[in-house]
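A look at the structure
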Amino acid sequence: MIKLQLRPDSRMLAQFAWVAPIGFLAFAWLFSRFGLGETACWSVAAIGPIVLLAHLVGSSAIPLFAFRALVLLTFPIGLVVLPLVVGLIYYGVFTPMGLLFRAMGRDVMGRKFDSSRASYWRDRGTPRPASSYFKLY
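These lines cover the structure that appears in this document, whether it is placed above or below. All figures in this text were calculated on a predicted structure; none of them were measured in a lab.

What about the overall build of the protein?
Scanning the protein for helices and strands turns up three helices and zero strands. Shown N-terminal to C-terminal, the secondary structure of the protein runs as helices and strands in the order α-α-α. On C-alpha atoms alone, the protein measures out to a radius of gyration of 27 Å, which is more than a quarter above the 14 Å that the 2.2 N^0.38 rule sets for 137 residues. C-alpha atoms of the protein, sized along the principal axes, occupy 80 × 45 × 25 Å. In the protein, which comprises 137 residues, the proportion classed as buried is 15%.

Written out as structure tokens, the structure is:
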């Protein structure tokens, strides 16, 4: 489940303030591509430097308000998009791969029943010495 973060710590708020001018400028450019009006685009672009200047002055009220507004605006989008993306990946990538492997007869785990085998036990050989566990690479 997506966690709604409405109380960011000071470090997260500072990171948001430094990224805000670029992010709001990108949103303004995106809005201009959809023809939302020049005044609206300039207004959105101006929010980013205002947030950064407020942070540099020492005020946390304006960056906190902008952060919370964006979190509350994008939270419903995340609730809808996340299951759609996960479902598309599962049903669009993994299910066709599984069906293809099944059609090819691929059995990597060795789960096919073989009545001629006495045991399905696999001999792994001699165990490694304990000192080798400290040499991972």
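Examining the nonpolar core
Among the nonpolar cores identified, the biggest contains twelve residues, and these are Leu13, Phe16, Ala17, Ala20, Phe24, Ala28, Val44, Ala45, Val51, Ala66, Phe67 and Val71. With six residues, the top contributor of residues to this core is helix α1 (residues 10–33).

Describing the packing of helix α2 (residues 38–57) against helix α3 (residues 61–104)
Two elements in contact, α2 and α3, have axes whose closest approach is 7 Å; the angle formed by their N-to-C orientations is 140°. The orientation of α2 with respect to α3, classified from their angle, is oblique. Across the interface between the two elements, Ile50, Val51, Ala54 and His55 of α2 pack against Ile62, Pro63 and Ala66 of α3. Classifying every residue of the contact of α2 with α3 by side-chain character gives six nonpolar, one polar and no charged.

Comments concerning the packing of aromatic side chains
For any pair of aromatic rings, geometry is given as the distance between the ring centres together with the angle between the planes. Taken as a whole and judged by the stated rule, the model has three aromatic pairs. With a centroid separation of 5.4 Å and an interplanar angle of 80°, the aromatic rings of Phe16 and Phe67 are classed as edge-to-face. Taken together, the residues Phe16 in helix α1 and Phe67 in helix α3 connect sequence positions 51 residues apart. A relative accessible area of 15% places Phe16 in the buried class. Look at Phe67 and you get buried, because its relative accessible area is 10%. Arranged with centres 6.4 Å apart and planes meeting at 25°, the rings of Phe27 and Phe31 form a pair that is stacked. With a gap of four residues between them, Phe27 and Phe31 both fall in helix α1, about one helical turn apart. Owing to a relative accessible area of 29%, Phe31 belongs among the partly exposed residues under this scheme. Lying over the aromatic face of Phe101, Arg106 brings its terminal NZ or CZ to 4.2 Å of the ring centre.

Here we look at the side chain of Ser132
Along the chain, the position of Ser132 falls in the segment after α3. A relative accessible area of 18% means that Ser132 is categorised as buried. Polar side-chain contacts of Ser132 include one of 2.7 Å to the backbone oxygen of Pro129.

Parameters at a glance
Residues numbered from 1 in each chain as written. Predicted model: local features only at pLDDT ≥ 70, side-chain atom pairs only at ≥ 80, totals over all residues. Heavy atoms only, no water. Helix = DSSP H or I, 4+ residues; strand = E, 2+ residues; numbered from the N terminus. Rg over C-alpha atoms; globule rule 2.2 N^0.38 Å. Buried < 20%, exposed > 50% of the residue type's maximum accessible area, 1.4 Å probe, protein only. Core = buried A, V, L, I, M, F, W, Y, C linked by side-chain atoms within 4.5 Å. Axes fitted to C-alpha atoms, helices over the stretch in contact; angles between N-to-C directions. Parallel < 35°, antiparallel > 145°, perpendicular 65-115°, else oblique. Contact = heavy atoms within 4.5 Å. Nonpolar A, V, L, I, M, F, W, Y, C, P; charged D, E, K, R; others polar. Phe/Tyr/Trp six-rings, centres within 6.5 Å; stacked < 30°, edge-to-face > 60°. Lys NZ or Arg CZ within 6 Å of the ring centre and 35° of its normal. Polar contact = N/O pair within 3.5 Å; in protein donor to acceptor, adjacent residues only side chain to side chain.

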